[in-house]
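Observations on the three-dimensional arrangement
So you can see what is in the structure, the chains are spelled out below.
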Amino acid sequence: MTVAHVPETDVLRAQDPELAELLLGELERQSTTLQLIAAENFTSPAVLAALGSPLANKYAEGYPGARHHGGCEIVDVAERIAVDRAKALFGAEHANVQSHSGSSAVLAAYAALLRPGDTVLALGLPYGGHLTHGSPANFSGRWFDFVGYGVDGETGLVDYEQVRTLARSHRPKAIVCGSIAYPRHLDYALFREIADEVGAYLIADAAHPIGLVAGGAAPNPVPYADVVCATTHKVLRGPRGGMILCGAELAERVDRAVFPFTQGGAQMHTIAAKAVAFGEAATDAFTLYAHQVVANARVLTDVLAAEGLAVTTGGTDTHLITADPSPLGVDGRAARGLLAAAGLILDCCALPHGDVRGLRLGTAAVTTQGMGQAEMRRIGVLLATVLREPARTKAVRAEVRELTGGFPPYPG
């Protein structure tokens, strides 16, 4: 994707130079370091323009045609466009585009389908489950009785037989499939079969793969799940926010769970930006992008493995990679700090089986910048060089600056 420019900061610089310098500083950081955080990406100028539009001024509690405020004629059209584009993009009967985040979308899904105290089966947090999948520090763990399934000790893949056994034993009201650190495709049809066997709702938390789904590079959970929760950033490359997809029979329950149960007024500038992103994701260019994201991730995975990192599940099907750097003599937390000093920005995460912290990284943002497989090979070597030889951090930082200079996220 070629990006022309970012919105002018002249007005902000004149009124609030302190904040203007911070914004320019963040642009400089993003432009001179490698953004390898799996949950991040670069939006297009059109998405940024919608986010900074006069729609930010409009209060619009409710839904199109049924608002609690006047003057919503134009924002009603904007939201209908976003809904229609989301439905067409993912083949859903209904879409709610008001959720402020992926976590807000999951909260609304639970509110629509569950009652406090209900049992929910989800991927355990040590295996890549999200905070909203039962963390005691989160509303999910406080309000519901979560049972965690895991992964096979040898392969690192989801243990579907364990899922079935736990479902039969606990008879959950809902089963959640989805992860923040699982690099493989999920078998949504098998999850549907298990959910039907025990009479459970199936909730797909597709926050990470939904952009790949839009580009035809990952299986679509919509035909199988009762409710699909997702984010609109990450690979989808839209504004930070969430959405919910479901069938017509659950549409009213989902909408009421978003508003008025869990949220107030819709953020209309963000909804318009979501509409822009959905439109971009429906293009052939985005399809090519999504497949390139996966191709880049597979190449980067192979290089990391060849350099001595222990790649979980033996590879990836998606944009996401998790790996254990301990064979190079460093744990995940220390590795993240070393790599950040070299301009390689990524996360650490829990790894299955044992108190081990690994690395979690992704290829969505660098692919948006136009980087391909040759650059992935170079990035993999640079990453391993820092971990193996920390004394070379300064030299690697210079190489990162040189590399990013050829692929600016916002030229000009």
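Residues numbered from 1 in each chain as written. Predicted model: local features only at pLDDT ≥ 70, side-chain atom pairs only at ≥ 80, totals over all residues. Heavy atoms only, no water.

1. A word on the packing of aromatic side chains
As a reminder, the rule being used: Ring pairs shown here join Phe, Tyr and Trp side chains whose ring centres sit within 6.5 Å, with only the six-membered ring taken for Trp; geometry is labelled stacked below 30 degrees between planes, edge-to-face above 60, and tilted in between. Helix and strand assignments follow DSSP, with helices taken as H or I runs no shorter than four residues and strands as E runs no shorter than two, numbered in order from the N terminus. Residue exposure (1.4 Å probe, protein chains only): buried if accessible area is under 20% of the type maximum, exposed if over 50%, otherwise partly exposed. As a reminder, the over-ring test applies to NZ of lysine and CZ of arginine, requiring each to be within 6 Å of the ring centre and within 35 degrees of the ring normal.
Applying the stated rule across the entire model yields 9 aromatic pairs. Taken together, a centroid distance of 5.9 Å and an interplanar angle of 50 degrees make the contact between Tyr-149 and Phe-191 tilted. Of the two residues, Tyr-149 sits in strand β6 (residues 145-149) while Phe-191 sits in helix α8 (residues 188-198), which places them 42 residues apart along the sequence. Take Tyr-149 and Phe-191: they sit in the same class, and that class is buried. For the ring pair Tyr-160 and Phe-191, a centre distance of 5.5 Å and an interplane angle of 70 degrees mean the geometry is edge-to-face. Note that Tyr-160 is positioned in helix α7 (residues 160-170) and Phe-191 in helix α8, a separation of 31 residues in sequence. Accessibility classification places Tyr-160 together with Phe-191 in one group, the buried group. Among the aromatic residues, those joined into a ring-pair cluster are Tyr-110, Phe-139, Trp-143, Phe-144 and Phe-146. Sitting over the ring of Tyr-289, Arg-237 keeps its end group 4.0 Å from the ring centre.

2. Notes on the nonpolar core
To keep things clear, this is the line we draw: What is meant by a nonpolar core is a set of buried Ala, Val, Leu, Ile, Met, Phe, Trp, Tyr and Cys residues, joined one to another through side-chain atoms within 4.5 Å.
In terms of nonpolar packing, the biggest core is built from 61 residues, with Phe-90, Tyr-149, Ile-175, Phe-191 and Leu-236 touching the most fellow members. Counting residues in hydrophobic clusters, the runner-up holds 32 residues, among them Val-299, Leu-300, Met-371 and Val-386.

3. What to know about the pattern of salt bridges
Applied cut-off: Basic side-chain nitrogens of Lys or Arg form a salt bridge, by our definition, when they fall within 4 Å of a carboxyl oxygen of Asp or Glu.
Here the structure, examined in full by the defined rule, presents 17 salt bridges. In this structure, the salt-bridge partner of Arg-164 is Glu-193, at a minimum N-O distance of 2.8 Å. One end of the pair, Arg-164, is in helix α7; the other, Glu-193, is in helix α8, with 29 residues separating them in the sequence. Residue classification places Glu-193 among the partly exposed residues on the basis of a relative accessible area of 43%. Note that Glu-399 and Arg-378 form a salt bridge whose closest N and O atoms lie 3.5 Å from each other. Of this pair, Glu-399 sits in helix α16 (residues 393-405) while Arg-378 sits in helix α15 (residues 373-388), placing them 21 residues apart in sequence. By relative accessible area, Arg-378 is classed as partly exposed at 28%. Because the salt bridges share partners, they merge into one network encompassing Arg-164, Arg-168, Glu-193 and Glu-197.

4. Describing the sheet that holds strand β15 (residues 356-362)
Put simply, the test is: Here the rule is simple: two strands pair whenever DSSP picks up at least two bridges between them. Throughout, a contact is declared for two residues whenever any of their heavy atoms are within 4.5 Å. Axis definition: a line fitted to C-alpha atoms, limited for helices to the stretch in contact. Angles are taken between N-to-C directions and run from 0 to 180 degrees.
Reading across from one edge, β11-β12-β15-β14 is the order of the 4 strands in this open sheet, with antiparallel pairing throughout. On the outer flanks of this sheet lie β11 (310-311) and β14 (347-351), each paired with one strand and no other. Here β14 pairs with β15 via 5 bridges, running antiparallel. Bridge assignment links Cys-349 to a residue of β15, and that residue is Gly-358. Helix α13 (residues 332-341) rests against β14 and β15 of the sheet, and its axis sits at about 40 degrees to β15.

5. Structural notes on empty space enclosed by the protein
Note the threshold: Points on a 1 Å grid, built from protein atoms alone, make a cavity when a 1.4 Å probe fits but cannot get out and make a pocket when they are open with protein on both sides within 12 Å along at least 5 of 7 lines; residues with an atom within 4 Å of a point are the lining residues. Grid points are joined across faces, edges and corners, and a volume is the space filled by probe spheres set on the points. For this classification, the nonpolar set comprises Ala, Val, Leu, Ile, Met, Phe, Trp, Tyr, Cys and Pro, the charged set comprises Asp, Glu, Lys and Arg, and every other residue, Gly included, is treated as polar.
Applying the stated criterion across every chain, the model contains 2 cavities of 30 Å³ or more. Of the voids in this model, the largest cavity is the one considered here, and its volume is about 160 Å³. If you add up the space inside the second largest cavity, you get close to 80 Å³. Its residues assigned to classes, the lining of the second largest cavity shows 9 nonpolar, 5 polar and no charged.

6. Describing the sheet that holds strand β8 (residues 201-205)
Taken together, 7 strands build an open sheet; the order of strands is β4-β10-β9-β8-β7-β5-β6 and the sheet is mixed. Each of the sheet's edge strands pairs with one partner strand only, and the pair in question is β4 (94-96) and β6. The average angle at which neighbouring strand axes cross in this sheet is 20 degrees, direction not considered. The sheet contact formed by strand β7 (residues 174-177) and β8 spans 4 bridges and is parallel. When the bridges of β8 are listed, Ile-175 appears paired with Leu-202. Here helix α5 (residues 102-113) sits on the sheet in contact with β6, β7, β8, β9 (227-231) and β10 (242-246), set at roughly 165 degrees to β9. The strands that α7 touches are β5 (119-123), β6 and β7; relative to β6, the one it contacts most, it runs at about 155 degrees.

7. Digging into α5
Side chains three or four residues apart in an α-helix point the same way, a direct result of the helix having 3.6 residues per turn. Where we set the bar: How far a helix is expected to stretch is found by multiplying one less than its residue total by 1.5 Å. Pairs of N or O atoms within 3.5 Å make up the polar contacts considered here, provided that, within protein, one atom can donate a hydrogen while the other can accept it, and that residues adjacent in sequence are counted only when both atoms are side-chain atoms.
A rise of 1.5 Å per residue sets the reference length of α5, with its 12 residues, at 16 Å; its end C-alpha atoms lie 17 Å apart and thus fit the reference within 8%. Among the 12 residues in α5, 9 count as buried, and that is most of the element. Of all the residues in α5, the buried ones are Gly-102, Ser-104, Ala-105, Val-106, Ala-108, Ala-109, Tyr-110, Ala-112 and Leu-113. Capping of α5 at its N-terminal end is provided by Ser-101; its side-chain oxygen lies 3.4 Å from the backbone amide nitrogen of Ser-103.

8. Some remarks on α8
Residues of α8 that are buried include every one of Tyr-188, Leu-190, Phe-191, Arg-192, Ile-194, Ala-195 and Val-198, and no others. Here the buried face of α8 lies against β6, α7, β7 and β8. The positive-phi residue at the C-terminal boundary of α8 is Gly-199, with phi of around 70 degrees.

9. Digging into the environment of Ala-49
Inspection of the secondary structure puts Ala-49 in helix α3 (residues 45-51). Relative accessible area serves as the criterion here: at 47%, Ala-49 is assigned to the partly exposed category. For the pair Ala-49 and Ala-335, spaced 286 residues apart in sequence, the C-alpha to C-alpha distance is 37 Å.

10. What to know about the packing of α5 against helix α10 (residues 251-262)
Convention followed: Convention used here: angles under 35 degrees read as roughly parallel, angles over 145 as roughly antiparallel, angles from 65 to 115 as roughly perpendicular, and any remaining angle as oblique. In this scheme, a crossing is called left-handed if the near helix is turned counterclockwise away from the far one by less than a right angle; it is called right-handed if the turn is clockwise.
Put simply, α5 and α10 touch, their axes get as near as 8 Å, and they point 115 degrees apart. One way to sum up the angle between α5 and α10 is to call them roughly perpendicular. Remark: the crossing between α5 and α10 carries right-handed chirality. On α10, the residues touching Leu-107, Ala-108, Ala-111, Ala-112 and Leu-113 of α5 are Arg-253, Val-254, Ala-257, Val-258, Phe-261 and Thr-262. Among the residues making up the contact of α5 with α10, the classes are represented as 9 nonpolar, 1 polar and 1 charged.

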